Amino acid sequence: MIKKKIINDPVYGFVSIPPGLIFELIQHPYFQRLRYIKQVSMTHLVYPGALHTRFQHAIGAMHLMSLALETLKSKGIVISEQEQEAVLAAILLHDIGHGPFSHSLEHTIIDGVSHEMLSSLLMDRINKEFGGKLDLAITIFNNQYHRNFFYQLVSGQLDTDRMDYLNRDSFFTGVSEGVISFDRIIAMLAVVDDELVVEEKGIYSVEKFLIARRLMYWQVYLHKTVVGAEQLLIQILKRAKELSSKGISLFATPAFKWFLTQRIDKNNFLADELHLDWFTRLDDTDIMSAIKTWAQHEDDILRVMCQKLMSRELYRTIMSNEPFSNELMDLVYKRVKDHFKVSDDELQYYVFTQAIHNSAYDLHHDTIKILMKTGEIIDIAEASDLSNLEALAKKVQKFALCYPKELGYISIPAKK
């Protein structure tokens, strides 16, 4: 008799872990590493409860996938045991390539290498170790399986990944605007011609899902203080790499030192498997132990930035709907140079800007289809009577300017 494994999840309650391959994947060191990578990076500096991990999220997404598959099977969709195990494995491993602090440092530690690429490489490596048991999971993950609805459940505009992170992130941040009717959405899922659709009765739940996604991005993920903290973290690593390239000794764990002391980009990363080996030993604790130590470093810039991050004395962040004018930037640069007595080359560590954009719904890519009572299938934007749903598809762009609080408030001149 196989002993049933369960996890007590704060969001969903008891989550069953299927025996065999899925349990073995969860036990794998690559997956266990996700316990030490925060799901929403520096968000805990604004919402103190947001300390949940990629591990919890992956388990939650797998749980929602199980519910979705049971719903589809109850509606007569034939799903083999092999397909079910494969799609559960695909969603379980969809984030396995995330590095420390998730998206924040995605292209900073390894230049030009995305977490999706790393996930794919790690899945291939685990597949070899498991004797090809992940062949179908990888085919689904890469959108190469003929039954497209499996891929849509893993990586679509209404996938179980998004459903879980909205649920989970709103739970741990306490931001109720992110709460979605995931159970209602899942109950309304159906499949027509191997494409995922939502029954007409689920329109309002999908609308709420899209609005919740928009609100969570601007209120949580792209909150101006979160953006400022993440940019400060990026600048700390940038300064550390600069010092290291000059031969200056910096404390780092062996895994972190591997990436700190050499320039690794997409080309040389793929050319040497040792890079991936070292990456699998890297998590948030490597970065934080270094930052805590660098807060006493002799380099003034590195030391002060690390001290500010550790004590949450973050840079002031201004958000604008328009790009910052050259006149404003010149003013900020002058005030920084006068106050801190820094060179032009060092200004980049005191003032930084970022363009931020987001849209809650993509009208042109894998759209959400509604199955009407008449049997007709139409896009949610057309089916909805919510007047601003199409507005959610527009890409909203904002601009962030970060600078030390010692400069005081700098007002943005009104647009003429």
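Just above sits the structure.
So, how was this worked out
Residues numbered from 1 in each chain as written. Predicted model: local features only at pLDDT ≥ 70, side-chain atom pairs only at ≥ 80, totals over all residues. Heavy atoms only, no water. Helix = DSSP H or I, 4+ residues; strand = E, 2+ residues; numbered from the N terminus. Contact = heavy atoms within 4.5 Å. Axes fitted to C-alpha atoms, helices over the stretch in contact; angles between N-to-C directions. Parallel < 35°, antiparallel > 145°, perpendicular 65-115°, else oblique. Left-handed = near helix turned anticlockwise from the far one by under 90°. Nonpolar A, V, L, I, M, F, W, Y, C, P; charged D, E, K, R; others polar. Buried < 20%, exposed > 50% of the residue type's maximum accessible area, 1.4 Å probe, protein only. Lys, Arg positive; Asp, Glu negative; His and termini not counted. Salt bridge = Lys/Arg side-chain N within 4 Å of Asp/Glu carboxyl O. Pairing = 2+ DSSP bridges. Phe/Tyr/Trp six-rings, centres within 6.5 Å; stacked < 30°, edge-to-face > 60°. Expected span 1.5 Å × (residues − 1).

What follows is about the environment of Ile 26. Inspection of the secondary structure puts Ile 26 in helix H1 (residues 21-27). C-alpha separation for the pair Ile 26 and Glu 106, spaced 80 residues apart in sequence, amounts to 23 Å. Once residues lying within four places of it in the same chain are set aside, the contact partners of Ile 26 are Ile 17, Phe 31, Gln 32, Phe 55, Ile 59 and Leu 92.

Put simply, helix H8 (residues 160-173) and helix H10 (residues 203-221) touch, their axes get as near as 11 Å, and they point 50° apart. If you check the angle between H8 and H10, you find them oblique. Crossing of H8 against H10: the hand is left-handed. Residue-level contacts link Arg 162, Met 163, Tyr 165, Leu 166, Asp 169, Ser 170 and Thr 173 of H8 to Phe 209, Ala 212, Arg 213, Met 216, Tyr 217, Val 220 and Tyr 221 of H10. A class-by-class count of the residues in the contact of H8 with H10 yields 9 nonpolar, 2 polar and 3 charged.

For the rest of this paragraph, the subject is the side chain of Glu 230. Within the element layout of this structure, Glu 230 appears in helix H11 (residues 224-245). One buried charged residue, Glu 230, forms no salt bridge at all, with the nearest opposite charge on Arg 54 at 8.9 Å.

Here we take up unusual backbone geometry. Unlike most non-glycine residues, Phe 101 shows phi in positive territory, near 55°. Here Phe 101 lies in the loop between helix H4 (81-92) and helix H5 (115-129). A positive phi angle, close to 55°, is found at Lys 341, a residue other than glycine. Mapped onto the elements of the fold, Lys 341 is located in the loop between helix H17 (326-340) and strand S6 (352-358).

Take the sheet that holds S6 next. Ordered in space as S5-S9-S6, the 3 strands form an open sheet in which the pairing is antiparallel. If you trace the sheet from one side to the other, it starts and ends with strand S5 (316-320) and S6, each paired once. Pairs of neighbouring strands in the sheet enclose a mean axial angle of 25°, with direction left out of account. In the packing of H11 onto the sheet, contacts are made with S5, S6 and strand S9 (396-403), and the angle to S6 comes to roughly 125°.

Turning next to the packing of aromatic side chains. Taken as a whole and judged by the stated rule, the model has 11 aromatic pairs. Taken together, a centroid distance of 5.4 Å and an interplanar angle of 20° make the contact between Trp 258 and Trp 278 stacked. Of the two residues, Trp 258 sits in helix H12 (residues 254-260) while Trp 278 sits in helix H14 (residues 273-279), which places them 20 residues apart along the sequence. We classify Trp 278 as buried; its relative accessible area is 18%.

Time to look at H4. With 12 residues, H4 extends 16 Å between its outermost C-alpha atoms, agreeing within 8% with the 16 Å of an ideal straight helix rising 1.5 Å per residue. Most of H4 is tucked away: 9 of the 12 residues are buried. Buried within H4 we find Glu 83, Gln 84, Ala 86, Val 87, Leu 88, Ala 89, Ala 90, Ile 91 and Leu 92. Those residues of H4 that are buried lie in contact with H1, helix H2 (29-32), helix H3 (54-74), helix H6 (135-141), helix H7 (148-154) and H8.

It is worth spelling out the pattern of salt bridges at this point. The full count for this structure, using the stated rule, is 18 salt bridges. One salt bridge in this structure joins Lys 75 and Glu 199, with 3.0 Å as the shortest N-O distance. Here Lys 75 is found in the loop between H3 and H4, whereas its partner Glu 199 is found in strand S4 (residues 195-199), with 124 residues between them in sequence. Across the pair Asp 111 and Arg 263 runs a salt bridge whose closest N-O atoms are separated by 3.1 Å. With Asp 111 in the loop between H4 and H5 and Arg 263 in the loop between H12 and helix H13 (266-271), this residue pair connects regions lying 152 residues apart in the sequence. Assessed through its relative accessible area of 64%, Arg 263 is described here as exposed.

The 4 strands are arranged S3-S4-S7-S8 in an open sheet whose pairing can be described as mixed. Looking at strand neighbours, the two that pair on one side only are strand S3 (189-192) and strand S8 (377-379), the edges of this open sheet. Between one strand axis and the next, the sheet turns through 45° on average, direction left out of account. Relative to S4, S3 runs antiparallel, the two being bridged by 4 bridges. Bridge pairing links Ala 190 to Val 197 in S4.

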